[in-house]
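Structural description and commentary
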Amino acid sequence: MASLDPRQSAVVLIDLMPRLLELDLEPRTGPAVLEASLALAESARAAGAPVVAVRVERPDVEAQPPGSELVPAVAELADAVVVKRSIGGFYGTDLDEVLRRFGARTLVMAGVMTNLGVESTARAASDRGYDLVFAEDAMSALSEAEHEAAVNLNLPRFGDVVSSADLAWRTGP
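Cut-offs used in this document
- Residues numbered from 1 in each chain as written.
- Predicted model: local features only at pLDDT ≥ 70, side-chain atom pairs only at ≥ 80, totals over all residues.
- Heavy atoms only, no water.
- Phe/Tyr/Trp six-rings, centres within 6.5 Å; stacked < 30°, edge-to-face > 60°.
- Helix = DSSP H or I, 4+ residues; strand = E, 2+ residues; numbered from the N terminus.
- Buried < 20%, exposed > 50% of the residue type's maximum accessible area, 1.4 Å probe, protein only.
- Contact = heavy atoms within 4.5 Å.
- Pairing = 2+ DSSP bridges.
- Axes fitted to C-alpha atoms, helices over the stretch in contact; angles between N-to-C directions.

Let us now look at the packing of aromatic side chains. Here the structure, examined in full by the defined rule, presents one aromatic pair. Where F90 meets Y130, the ring centres are 6.2 Å apart and the plane angle is 35 degrees; that geometry is what we call tilted. Residue F90 is located in the loop between β4 (80–84) and α4 (95–101), and its partner Y130 is located in the loop between α5 (114–127) and β6 (131–140); the two are separated by 40 residues in the primary sequence. Residues F90 and Y130 agree in their burial class; the two are buried.

Shown next as structure tokens:
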């Protein structure tokens, strides 16, 4: 079981937007990823850890496609929202500054797509010295093969891949 200090951790939710959660995702549906991500975020907030939501906007377009906003429940839980214009959450954004303001050293990551937005953000987080934990049951991709490659081959090189049930928030000093 991963024991997390809420004073030094943050949950980072990637691209929980209607237009992406409505896609045919595997191995979990968008609604299943959303439910697991919200439960993860709620447990973090109850322990005193911040939740940062990252969403993508397409660059160089007049208007974003319908469903490009965060799912309202995610927006309500988020202590901060970061808008990215690339696959990863760090490039050209203030994500690092936001996380450092919260005192985060460990990031618990969830969202879609496991092998794209989550993994790209994780790689950049690792480059910046963050410890990483991946809530496997709160992630999905466009195919099960892509998800499985990320959680079995790539993400373990950057941090711990666990089930949300295996995460515990420390209480007290």
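Moving on, we come to the environment of E35. Within the secondary structure, E35 sits in helix α2 (residues 30–47). Sequence separation between E35 and A138 is 103 residues; the distance between their C-alpha atoms is 7.9 Å.

For the rest of this paragraph, the subject is the side chain of E119. The topology assignment puts E119 in helix α5. Given a relative accessible area of 5%, E119 falls into the buried group. Filtering out sequence-adjacent residues up to four positions away, E119 remains in contact with M113, T114, A150, N154 and L155.

With parallel pairing, six strands are arranged side by side in an open sheet as β4-β3-β2-β5-β6-β7. Each edge of the open sheet is held by one strand with a lone partner, namely β4 and β7 (159–162). Strand-to-strand, the axes of this sheet are offset by a mean angle of 25 degrees, without reference to chain direction. For strand β5 (residues 106–112) and β6, the ladder comprises six bridges, and the chain directions are parallel. Looking at β6, one finds that V112 is bridged to S140. Across the sheet, α2 touches β2 (9–14), β3 (51–56), β5 and β6, and the angle it forms with β6 is around 140 degrees. Across the sheet, α5 is in contact with β2, β4, β5 and β6; its angle to β5 comes to roughly 160 degrees.

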